[in-house]
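For reference, the chains in residue letters:
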Amino acid sequence: MGFMLKEVLKALCSGNQWCYSVFWKIGCQNTKLLIWEECFYQPTPLSELPFGEWEGRWGSSEISSSQHGFHAGDRVQFLINQMMINNQVNLVGEGIVGRAAFTGNHQWILANNHIRDAHPPEIQNEVQFQFSSGMQTVAVIPILPHGVVQLGSTVADLKGKEIEETRVCAHSTYVPKE
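Residues numbered from 1 in each chain as written. Predicted model: local features only at pLDDT ≥ 70, side-chain atom pairs only at ≥ 80, totals over all residues. Heavy atoms only, no water.

(A) Inspection of the packing of aromatic side chains at higher detail. The full count for this structure, using the stated rule, is 2 aromatic pairs. Ring centres of tryptophan 18 and tryptophan 108 lie 5.7 Å apart, and the angle between their planes is 35 degrees; on these two criteria the pair is classed as tilted. Of this pair, tryptophan 18 sits in the loop between α1 (2–14) and β1 (20–26) while tryptophan 108 sits in strand β4 (residues 107–110), placing them 90 residues apart in sequence. You can call tryptophan 18 buried: its relative accessible area is 2%. Residues tryptophan 24 and tryptophan 36 carry aromatic rings whose centres are separated by 5.2 Å and whose planes lie at 85 degrees to one another, so their mutual orientation is edge-to-face. (Phe/Tyr/Trp six-rings, centres within 6.5 Å; stacked < 30°, edge-to-face > 60°. Helix = DSSP H or I, 4+ residues; strand = E, 2+ residues; numbered from the N terminus. Buried < 20%, exposed > 50% of the residue type's maximum accessible area, 1.4 Å probe, protein only.)

See below:
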């Protein structure tokens, strides 16, 4: 089933403008935990961002490439690696993923109309990390009782149709492990 989950996450990214998708599984023995189950990402070169939007993302592409040991095209991979290292387990109710699992409500956070004071500090830190990594849209969609799908895109103006298709696809194609 792990292969099928990876294919679902890939389908979410391939048919839309999502750079990555992560499935956070609700723990079997402890339902207060969300565990990183699987992810899929598509490396997005810095050159795909409109001019001006990339400035300051990593300081500069020259600095990030030489000092941090990765190229601009690896920024999605870097983001995923950092998310996995720092957040392999989330608590239900905490952070953007945990809140989605707790409330059962999806969230769409856009960089261009994000209100800083609308979220608690732990969510603010997560969102700022996503934005500084080049993401313009971050979405979390609960797939209860199984878990939460988290997605990120470098596109700020996803259309309502794309958003609804993503939500429906996430709900209808998820196949839990047996």
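On we go from here.
(B) Structural view of the pairing of strand β5 (residues 137–143). When you tally the buried positions in β5, you get 7 out of 7 residues, the bulk of the element. Two strands pair when backbone bridges link them, and β4 and β5 are joined in this way by 4 bridges, in the antiparallel orientation. Its bridge partner lying in β5, leucine 110 is registered against threonine 137. Where β5 hands over to strand β6 (residues 147–153), the hairpin turn is made up of 3 residues, counted between the paired strands. (Pairing = 2+ DSSP bridges.)

(C) Region of interest: the sheet that holds β6. One open sheet accounts for 6 strands, arranged β3-β2-β1-β6-β5-β4; its pairing is antiparallel. Each edge of the open sheet is held by one strand with a lone partner, namely β3 (89–91) and β4. Geometrically, the sheet is characterised by an average inter-axis angle of 20 degrees between neighbouring strands, direction not taken into account. Bridge analysis of β5 against β6 gives 7 bridges, and the strand direction is antiparallel. Paired with isoleucine 143 across the bridge in β6 is glycine 147. In the packing of helix α3 (residues 75–86) onto the sheet, contacts are made with β1, β2 (33–41) and β6, and the angle to β2 comes to roughly 165 degrees. The strands touched by helix α5 (residues 121–132) within the sheet are β1, β4, β5 and β6, with β4 carrying the most contacts at an inclination of about 55 degrees. (Axes fitted to C-alpha atoms, helices over the stretch in contact; angles between N-to-C directions. Contact = heavy atoms within 4.5 Å.)

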